[in-house]
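Descriptive analysis of the structure
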Amino acid sequence: TYETLSSTLVFNSGSYLTTNWGAETQSIEFRVKPTANTNIDLVSGDNFDLYISSSDSVYGKLKLDVNGSNVITSDNITLFDTNFYSVLVTNDGGNYSLYVGNADKDRIVSNYTYNGVGADWGVGSEIHIGNFVGELDEFRLWSEPLSSSVFFDHVSFPEMINGNSISSSMNDLYFRLD
C-alpha cells in the first residue's frame, strides 16, 4: 500500500504545526488517520476549525465551523476506524465543499456542501495543523478550489499532485507537506 512506502507525521495530543496562511487559499487537502477519539482538531485558523467530533450525537463525524458556526458535518462516514481518510475542503467565494474519501473502502468519496455566500473562512497570519493523536500525510494548500475528479485521483493515488489544469502543481499548489 501507499502507507508502507510513504512517511507520515505522527501527532500526539497537544502537538501541532503552524504555517503561514495565504490569502489565495481556496483548498485544504490532506490524509489523516486518527488513532484516538479525543483532541481531534485537524486544521484551524482565525475564522475556521476543521475537526472530528467526539460528542455522542455526531461521534466520529468531520465538522467544519466558519466564524463560530457549523457549516458542514459529514453524516455517513465515521473517521475512528484505523483507516487513512483523504479530506478536501474548498472555499469558492463562501461556498464550501467538504470531500471525504478512503482508497481502502472502494474509493468512496462523499461530498457535503454549504452555499453561504459571504461566509468567509478568513485569512489570518497562520494556521495550525494537528492537535490530535494519529498520523497526517500529504497536507496541501491550493490557490484554486480543486474539482471532485481531481480529488478522486488523489484518493486513489495519494502521491499525485495534479490540480485542475496542467500547470496547477506549479502555479496553484503553494504549500505541500509530505
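Placed above this text is the structure.
The present account deals with the structure reproduced in this document. Please read these numbers as outputs of a predicted model, since none were measured by experiment. Residue numbers run consecutively from 1 along every chain, following the written order of its sequence. Since the coordinates come from a predicted model, pLDDT governs what is reported: local features require at least 70, and pairs of side-chain atoms require 80 or more to be given and counted, while whole-chain, interface and lining totals use all residues. Side-chain measures here rest on the full set of heavy atoms in the structure, leaving out hydrogens and waters.

The helix and strand labels rest on DSSP assignments: H or I over at least four residues marks a helix, E over at least two residues marks a strand, and numbering proceeds from the N terminus. Tallying secondary structure elements over the protein chain gives three helices and 13 strands in all. A simple rule labels every residue: compare its accessible area, found with a 1.4 Å probe on the protein chains alone, to the largest value its type can have, and call it buried under 20%, exposed over 50%, or partly exposed in between. Residues counted as buried form 48% of the 178 residues belonging to the protein chain. Contacts were defined at the residue level, with two residues in contact if any of their heavy atoms lie within 4.5 Å. Counted over contacts in the protein chain with a minimum sequence separation of 6, partners at least 24 positions apart contribute 63%. About 8,000 Å² of surface is accessible on the protein chain, with carbon and sulfur atoms providing 46% of the total. Each accessible area value is a Shrake-Rupley result obtained with a 1.4 Å probe; residue values ignore everything except the protein chains displayed when judging cover.

Among soluble globular proteins, nonpolar side chains are generally buried collectively. For our purposes a nonpolar core is just a set of buried Ala, Val, Leu, Ile, Met, Phe, Trp, Tyr and Cys residues, chained together by side-chain atoms within 4.5 Å. Ranked by internal contacts, the top residues of the largest apolar core, which has 32 residues, are Phe-30, Leu-62, Leu-64, Leu-98 and Phe-139. Ranked by size, the runner-up nonpolar core spans eight residues in total, among them Leu-88, Val-150, Phe-151 and Leu-173.

Even without being a glycine, Asn-67 presents a positive backbone phi close to 50°. Tracing the sequence through the fold places Asn-67 in the loop between strand S6 (62-66) and strand S7 (69-73). With a relative accessible area of 47%, Asn-67 lands in the partly exposed category. Even without glycine at this site, Glu-138 takes up a positive phi of about 50°. For Glu-138, the location among the structural elements is in strand S12 (residues 134-142).

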